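# What the coordinates show
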Amino acid sequence: MSMTGAVLLSLLSASTFSLASAASHASTNVFALDALVNRTSNLLSAVKLHPSLRSSIFDFVESLGEFSPEQIEAVWVQVRKRAIAPALQVAILLCLVMSVMLMLEAMYMSAVSLGVKLLHRTPETRYRWEPISGDEELGSLAYPMVLVQIPMYNEKEVYKLSIGAACALTWPPDRIIIQVLDDSTDPMIKNLVEQECRTWASKGINIAYEVRENRKGYKAGALKKGMEQTYAQQCDYVAIFDADFQPESDFLMRTIPFLMYNSRIALVQARWDFVNYSKCLMTRIQKISLDYHFKVEQESGSSSYAFFGFNGTAGVWRISAINAVGGWKDRTTVEDMDLAVRASLKGWKFLYVGDIKVRSELPSTFKAYRHQQHRWTCGAANLFRKMACDIVLAKEVSLLKKIHVIYSFFFVRRVVAPIVTFAFYCIVIPVSVVVPEVSIPIWGVVYIPTTITILNAIRNPSSLHIMPFWILFENVMSMHRMKAALIGLLETSSVNEWVVTQKLGDTLKEKMETNVAESTRTSFIRDRVSFLQLGFAVFLMCCASYNVVFGVNYYYVYIYLQAFAFVVMGFGYVGTFTTNS
């Protein structure tokens, strides 16, 4: 939304609030309407609008002055009863249904993951696992050939970390190939990455540096190109690490045996760990969400259906499984999930091993985090649109698994969750305070969100004190996620927008010190201020203020807090900040 759109939203919210307030006490304040007309006219004079739009709004506002406050009140009551209340009641019903779906899904996943933990159903008890032992006759040939792919794009701050960690993996040197897939567009960074590869090659590491003429297909295109190399086709398994991921040296020793001794397992996924989670409040909040994702969503999917979404990194694939389902595809921005769904529909199994952790970096700037969430949410919704029919028609999986993939994995978690979070808690509940003809049952307003919050808190007991901030932050982010989900479902022009998540590595402090001196007012507004969020904050404040004066409940406590969260995040005072300079 443009700045003008945000201003119009603010004007509309303020005018509606003032009009409803004037109608509510028309008998005691006969000048309220005149004051509203004058204030609105003054505000319109200060806003740059198209002449025709300005003229239409002026005519509407001035026409209000021809009616008495009593007439305005009567019109408002009738419009509220006959148009607004019925529509709002339908919205409430839909939101309650979606909230119940979301809560039941969260309860099911939590029950499964908790059962796995209590019953000690470790991956080693469910699947065969044995350490790879050397053979005097075979020697290193007892170990399968492994390809380690590291896709990167202008990763100046972290490229040494991932390359160094990959080259330190424990595995026979003649049975492993490190492949750096560099899509960097900065010649200086390309030279640095290439030089790093040459340095490791001089130490006897089998490392290949690959570049492309263009970035077609982004990460999927790079991974696909890497798999086409002659040496890659000789490998049995491929481990994938993004540029900021640093696996422990025993990563392959702990994951590869699951693939070697269980022929139907196509993917072994490790858990992410975070080196910078204590950097700021936003990174701590991200850790809560991602820990829940791994401990609950991935664990429950792995244990119940041997299916979950590949996280795109920190995992090992069976190369024959990738080839059997058509390889990497770049039709969405979630190439990892695309591959996982296609492999699952062919009967392949996935295994999540939560005891194996790979260090990585969380986005510490709000701009980077917002772009990341847009890519993940939009891509998943778009993949659902593209693959729904394929899932229904798949012949190699059971009906129960089809239902799980369509309903639980896609519809509830990737479509319902972002939409109901914003629509219900940020729109429907605030609007309901100015429409007394409708009411929302307390179980929908309090019990359901409390249950979902508790389920998250159970798996993050050390972060209990942050949960209130997590709630407010996630509600603000739901605005961006809902927009991304709708873009994916409707497949608009920006559906395949790809912005690589910025990594700062160990240079964050230096960047902040340098950029504070160089940053300008223009870059501050461009990189930090969101007029859409600020405009929405005005709407929430109007609803909360109306609830304070005329309401019969205490929704204003929550609405004011949520409005404050929109203001804080709207001005960019969340996370760390570095300019583009």
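Worth saying up front: this structure is predicted, and the values here are computed from it rather than measured.

### Focus on the overall build of the protein
A count of helical and extended segments in the protein gives 20 helices and seven strands. Split into buried and exposed, the 581 residues of the protein put 54% on the buried side. Across the protein, every contact between residues at least 6 apart in sequence was considered, and the portion connecting residues at least 24 apart equals 82%. Carbon and sulfur atoms make up 60% of the accessible area of the protein, which totals about 26200 Å².

### What about the nonpolar core?
V148, I163, F251, W317, V341 and F350 are the most contacted members of the largest nonpolar core, which totals 153 residues. When residues of this core are assigned to their parent elements, the largest contribution, 16 residues, is made by helix α14 (residues 399-432). When neighbours within four sequence positions are excluded, I163 is seen to be in contact with I150, M152, V180, V193, E196, C197, W200 and I207. By size, the runner-up hydrophobic cluster in this structure holds five residues, among which are A106, Y292, V296 and L455.

### Quick look at unusual backbone geometry
With a phi close to 55°, H120 is a non-glycine residue in the positive phi region. The residue H120 is located in the loop between α4 (69-118) and α5 (123-126) in this model. Residue H120 is classed as exposed on the basis of its relative accessible area of 60%.

### Focus on the pattern of salt bridges
Counted by the stated rule, this structure contains 16 salt bridges. Measuring nitrogen to oxygen at the nearest pair gives 2.8 Å for the salt bridge that ties D242 to K219. With D242 in the loop between β4 (237-240) and α9 (251-261) and K219 in helix α8 (residues 218-227), this pair connects stretches of sequence that are 23 residues apart. Under the relative-accessibility criterion, D242 is labelled buried at 18%. A salt bridge links K287 to D291; the nearest nitrogen and oxygen atoms lie 2.7 Å apart. Highlighted residues: K287 and D291, both in helix α10 (residues 281-304), separated by four residues, approximately one helical turn.

### So, the UniProt feature "transmembrane region" (unreviewed entry) in the protein
Feature annotation in UniProt places "transmembrane region" (unreviewed entry) on residues 83-104, 411-434, 440-458, 529-549 and 555-575, given in this structure's numbering. Taken end to end, residues 83-104 is 100% helix and 0% strand, and its first and last C-alpha atoms sit 32 Å apart. Regarding residues 440-458, the helix share stands at 89% and the strand share at 0%, and the terminal C-alpha atoms are separated by 27 Å.

### Topic: the pairing of strand β2 (residues 176-182)
Within β2, seven of the seven residues are buried, which leaves it mostly tucked inside the rest of the structure. Residues I176, I178, V180 and D182 line one face of β2 and the alternating positions I177, Q179 and L181 line the opposite face, and both faces are buried. Where strand β1 (residues 146-152) meets β2, seven bridges bridge the pair, whose relative direction is parallel. Each residue of the ladder has a partner; that of L147, found in β2, is I177. You can see the chain leave β1, run along helix α6 (residues 159-167) and come back into β2, and the turn it takes is right-handed. In this structure, β2 lies alongside strand β3 (residues 207-211), joined through five bridges in parallel fashion. In the sheet register, Q179 faces β3, and the bridge partner there is A208.

### Some words on the pairing of strand β5 (residues 265-274)
Along β5, nine of the ten residues are buried, which leaves the element largely enclosed by surrounding structure. Examined bridge by bridge, β5 and strand β7 (residues 349-360) share nine bridges and lie parallel to one another. Looking across to β7, one finds that A270 is bridged to V353. In terms of strand pairing, β5 meets strand β6 (residues 315-318) through three bridges, oriented antiparallel. Looking at the pairing, L267 lines up with W317 of β6.

### What to know about the sheet that holds β3
Reading across the sheet, the seven strands line up as β3-β2-β1-β4-β6-β5-β7 and stay open at both edges, with mixed pairing between neighbours. Each end of this open sheet is capped by a strand with a single partner; those strands are β3 and β7. Along the sheet, successive strands turn relative to each other by an average axial angle of 20°, direction set aside.

### Remarks on the packing of aromatic side chains
Within this structure, the stated rule accounts for 21 aromatic pairs. With a centroid separation of 5.7 Å and 70° between ring planes, the pair formed by W317 and F350 is classed as edge-to-face. With W317 in strand β6 and F350 in strand β7, the pair connects residues that are 33 residues apart, well separated along the chain. Judged on exposure class, the residue W317 and its partner F350 are both buried. Relative to F410, the ring of F409 lies with its centre 5.0 Å away and its plane at 80°, an arrangement referred to as edge-to-face. Accessibility classification places F409 together with F410 in one group, the buried group. These aromatic residues form a ring-pair network of at least three members: F307, F308, F310, W317, F350, F384, F409 and F410. Directly above the aromatic system of Y153 lies the positively charged group of R215, at a separation of 3.7 Å from the ring centroid.

### Here we look at the packing of α14 against helix α15 (residues 442-458)
Where α14 meets α15, the closest approach of the two axes is 12 Å, and the angle between their N-to-C directions is 165°. One finds that α14 runs roughly antiparallel with respect to α15. The crossing of α14 and α15 is left-handed. On the side of α14, the interface is formed by F424, Y425 and I429, while α15 contributes G444, V445, I448 and P449. Residue classes in the contact of α14 with α15 are distributed as six nonpolar, one polar and no charged.

### So, the environment of A457
Residue position: A457 is located in helix α15. In sequence terms A457 and Y292 are 165 residues apart; their C-alpha atoms lie 8.8 Å from each other.

### Regarding the packing of α4 against α15
Orientation of α4 relative to α15, taken along the N-to-C sense of each, is 25°, at an axis distance of 10 Å. Taken together, the axes of α4 and α15 lie roughly parallel to each other. As α4 packs across α15, the resulting crossing turns out to be left-handed. Every residue of α15 that contacts α4 at L96, S99, V100, L102, M103, A106, M107 and S110 is listed here: W443, G444, I448, T451, I452 and L455. By residue class, the composition of the contact of α4 with α15 is ten nonpolar, four polar and no charged.

Reading the values: rules and limits
Residues numbered from 1 in each chain as written. Predicted model: local features only at pLDDT ≥ 70, side-chain atom pairs only at ≥ 80, totals over all residues. Heavy atoms only, no water. Helix = DSSP H or I, 4+ residues; strand = E, 2+ residues; numbered from the N terminus. Buried < 20%, exposed > 50% of the residue type's maximum accessible area, 1.4 Å probe, protein only. Contact = heavy atoms within 4.5 Å. Areas by Shrake-Rupley, 256 points an atom, 1.4 Å probe, with all protein chains shown as cover. Core = buried A, V, L, I, M, F, W, Y, C linked by side-chain atoms within 4.5 Å. Salt bridge = Lys/Arg side-chain N within 4 Å of Asp/Glu carboxyl O. UniProt positions renumbered as here; feature names shortened; annotations may be inferred. Pairing = 2+ DSSP bridges. Right-handed = clockwise from strand over helix to strand, strands pointing away. Axes fitted to C-alpha atoms, helices over the stretch in contact; angles between N-to-C directions. Phe/Tyr/Trp six-rings, centres within 6.5 Å; stacked < 30°, edge-to-face > 60°. Lys NZ or Arg CZ within 6 Å of the ring centre and 35° of its normal. Parallel < 35°, antiparallel > 145°, perpendicular 65-115°, else oblique. Left-handed = near helix turned anticlockwise from the far one by under 90°. Nonpolar A, V, L, I, M, F, W, Y, C, P; charged D, E, K, R; others polar.

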